[in-house]
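Below, each chain spelled out in residue letters.
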Amino acid sequence: MATHVEESLVDQRLAKAADLRAMGIDPYANDFRVDTHVADFVTRYGMLEGEALQQASQTHAIAGRVMAINSFGKAAFIRIQDGSTDRMVGDVPAGRLQIYVSKNDLSETDFAVFKKLDMGDIVGITGTPMRTKTNELSVHAASFRMLTKSMRPLPEKWHGLTDVETRYRQRYLDLITNEEVRQTFRKRSLILSALRKFFIERDFLEVETPMMQPIAGGATARPFVTHHNTLDMDLYLRIAPELYLKRLVVGGFDRVFELNRNFRNEGISTFHNPEFTMLEFYQAYATHLDLMDIGEALLSSIALAVNGSTEVQWGEHAISLKAPFARLTMRDAVLKYASWDATKLDAELNSGLFCASIGKAKEAKCPGTRLVALFEHFAESKLIQPTFIYDFPLVVSPLSRRKSDTPDLTERFELFVGGHELANAFSELNDPVDQRQRFEHQLQAKEAGDDEAHAMDEDYVLALEHGMPPTGGFGLGIDRLVMMLTGSISIRDVILFPQLRPRA
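Parameters at a glance
- Residues numbered from 1 in each chain as written.
- Predicted model: local features only at pLDDT ≥ 70, side-chain atom pairs only at ≥ 80, totals over all residues.
- Heavy atoms only, no water.
- Core = buried A, V, L, I, M, F, W, Y, C linked by side-chain atoms within 4.5 Å.
- Buried < 20%, exposed > 50% of the residue type's maximum accessible area, 1.4 Å probe, protein only.
- Helix = DSSP H or I, 4+ residues; strand = E, 2+ residues; numbered from the N terminus.
- Axes fitted to C-alpha atoms, helices over the stretch in contact; angles between N-to-C directions.
- Parallel < 35°, antiparallel > 145°, perpendicular 65-115°, else oblique.
- Left-handed = near helix turned anticlockwise from the far one by under 90°.
- Contact = heavy atoms within 4.5 Å.
- pLDDT = per-residue confidence, 0-100.
- Salt bridge = Lys/Arg side-chain N within 4 Å of Asp/Glu carboxyl O.
- Pairing = 2+ DSSP bridges.
- Expected span 1.5 Å × (residues − 1).
- Phe/Tyr/Trp six-rings, centres within 6.5 Å; stacked < 30°, edge-to-face > 60°.
- Arc of directions from axis to C-beta.

A. Expanded view of the nonpolar core. Counting 44 residues, the largest nonpolar core has L195, L279, L299, L476, M484 and L485 as its most contacted members. Tallying contributions element by element places helix α9 (residues 288-307) first for this core, with eight residues. Judged by nonpolar contacts, the second largest core, of 27 residues, contains I25, Y45, L97 and M146.

Next up, the structure:
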């Protein structure tokens, strides 16, 4: 809620806008044409001084938001920033630029407009390069235009704020005043571009699948429900695109990928947001082992493309994304990090007593779920360097292919980095009879109270009955990938508009 002081400042700015209109000047003009971005100006003239600067000088039209004002009566220095503010010239951010404004150099009208200036206003300047007495590159203004009158002041001492929720609720202020935040989201865009390049170069086809689905499939999660009025039917915001992407493999697209938005009606934490982005790709005639190789190459190449190195710092952890990554079965991971022997582990898988004692009674109903519970308890947080955990129990993998020599396990793996899951992949189940039986078992679990159990999808089984080639599928959490590659410790720091509770 705005304070009395802030409302008083708003009133002052409203009065200035009215004054400008009384002078015949639109405080929201739209006829100024920019010909040079600030970073391009700095790049062009940043190394020039003296006579060399004078000889190279040209008149430029530059626009930006006013971030500082130092007025000396008939002259002033202001500092502006534009959309190039997170570009670098050498090791220096180049998107902020000083403007020298003098009453002697402006028309009477332009100077009158300048006198109505406030922090946060967006202005247009034409002028030539100059250097101040302190040798700072600046623009010597020859004309001055008001392009947008800001009605509310920018937050002062922004970097000292401790209310991070305000940063998320008013992300536009965060972006205006926090250079590191802009860098993070620029890097997110680079990551997405690098991902597309990686798959397109490998002959994958980028596709789009439905975000509203009649059955919430492709993962075990609680969905969001909406209603289509014309069809008079409930639809679900997708929890995963998997079943539609595999329909495309049935249709003859042997390599497909999608950068997709998913929605899961679940908890919110530093690693979970109800709306999130994933990469999923499917490759015919590939196994989960092939996907491990692709996953290593993918993460290494993306890190090199956006950071110039496979070494990243994520919180307190120095992580190497250089291939090859470690590989452990889920069982071996439990034995390693629980420091149990095989006899003790087998006894627990049969009894579930320890799982029940650590509050995992729901998960302790069968050996497969007990193994997962033990893994999550003992091993998951210890997997700091990239590690593929494979041989998942069948009971928690309703869409994965069985291991031919161990039918209660599947050809599935998850990739863990920094103690968190980053990716999930498996050799796809393409036997329609087996798939139908798995769905039926999931229905039984749902009837027993499991809200996240997978629903029956008759149309998907029908697609499998037409024949899907042996296929490998891989899902990668983009938000967590961006967290890792930007060193961010909260998912809210890499999502422009994260979901938040309503204000009290």
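B. Structural view of the packing of helix α11 (residues 342-351) against helix α13 (residues 367-378). Contact geometry of α11 with α13 gives a least axis separation of 8 Å together with a crossing angle of 125°. One element, α11, and the other, α13, form an angle in the oblique class. As for how α11 packs across α13, the hand of that crossing is right-handed. Listed contacts from α13 to L345, E348, L349, N350 and S351 of α11 are P367, R370, L371 and L374.

C. Summary view of the packing of helix α7 (residues 179-200) against helix α16 (residues 478-486). Across the interface, α7 lies against α16 with an axial gap of 10 Å and an inter-helix angle of 120°. When the axis of α7 is compared with that of α16, the two are oblique. Note that α7 runs across α16; the crossing there is right-handed. In contact with T184, K187, R188, I191, L192 and L195 of α7, α16 contributes I478, D479, L481, V482, L485 and T486.

D. Highlighting the confidence of the model for the protein. Scored by pLDDT, the protein comes out at a mean of 93, with 96% of its residues at no less than 70. Ignoring residues within four places in sequence, the model shows residues 158-162, a span with pLDDT below 50, making seven contacts including any to other chains.

E. Spotlight on the pattern of salt bridges. Counting across every chain of the model gives 29 salt bridges. Taking the shortest distance from any N to any O, the salt bridge between R167 and D174 comes out at 3.1 Å. Among the residues examined, R167 registers a relative accessible area of 17% and is labelled buried. Among the residues examined, D174 registers a relative accessible area of 0% and is labelled buried.

F. Looking closely at the sheet that holds strand β11 (residues 233-237). If you trace the three strands from one edge of the open sheet to the other, you get β9-β11-β10, paired in antiparallel fashion. Either end of the sheet is taken by a strand with one partner, and the two such strands are β9 (212-213) and β10 (225-228). Sheet topology places β9 next to β11; two bridges connect them, and they run antiparallel. What sits directly across from M212, in β11, is L237.

G. A look at helix α14 (residues 432-447). Spanning 16 residues, α14 covers 23 Å between terminal C-alpha atoms, matching the ideal 22 Å at 1.5 Å per step. At its buried positions, α14 is contacted by α15 (458-465). Immediately beyond the C-terminal end of α14, within one or two residues, lies G449, with a positive phi of roughly 115°.

H. Seen up close, the environment of F204. Its place among the elements puts F204 in the loop between α7 and β8 (205-206). Among residues more than four places away in sequence, those in contact with F204 are F199, R255, V256, F257, F281, Y282 and Q283.

I. Quick peek at the sheet that holds β8. Taken together, eight strands build an open sheet; the order of strands is β8-β12-β13-β20-β19-β18-β17-β16 and the sheet is mixed. A strand with exactly one partner marks an edge of an open sheet, and here the two such strands are β8 and β16 (326-329). Where strand β19 (residues 420-427) meets strand β20 (residues 471-477), five bridges bridge the pair, whose relative direction is antiparallel. Bridge pairing in β20 places F426 opposite G473. Across the sheet, helix α8 (residues 242-250) is in contact with β12 (255-263), β13 (275-284), β19 and β20; its angle to β13 comes to roughly 25°.

J. Local environment of the packing of aromatic side chains. Under the criterion given, the structure shown has 20 aromatic pairs. Ring centres of W340 and F378 lie 5.3 Å apart, and the angle between their planes is 65°; this geometry places the pair in the edge-to-face category. Here W340 is found in the loop between α10 (330-338) and α11, whereas its partner F378 is found in helix α13, with 38 residues between them in sequence. Here W340 falls in the buried class, since its relative accessible area comes to 11%. Here F378 falls in the buried class, since its relative accessible area comes to 14%.

K. Representation of helix α1 (residues 4-22) within the structure. Its 19 residues place the ends of α1 27 Å apart at the C-alpha level, agreeing with the 27 Å of an ideal helix rising 1.5 Å per residue. Turning to α1, its buried residues are V10, R13, A17 and L20. Buried residues of α1, seen end-on, are gathered within an arc of 75° and therefore sit on one face of the element. Residues of α1 that are exposed and point more than 90 degrees away from the buried face comprise H4, V5 and A22. Summarising the contacts, the buried residues of α1 are in contact with α4 (108-114) and β7 (137-148). Once α1 ends, the next one or two residues include G24, with phi positive near 85°.

L. Highlighting the environment of P129. Locating P129 in the fold gives a position in strand β6 (residues 122-131). Looking at P129, the relative accessible area reads 8%, which means it is buried. Expressed as a C-alpha distance, the spacing of P129 and L53, which sit 76 residues apart in the sequence, is 7.5 Å. Excluding its chain neighbours within four sequence positions, the residues that come into contact with P129 are F41, Y45, L53, S57, Q58, L137 and S138.

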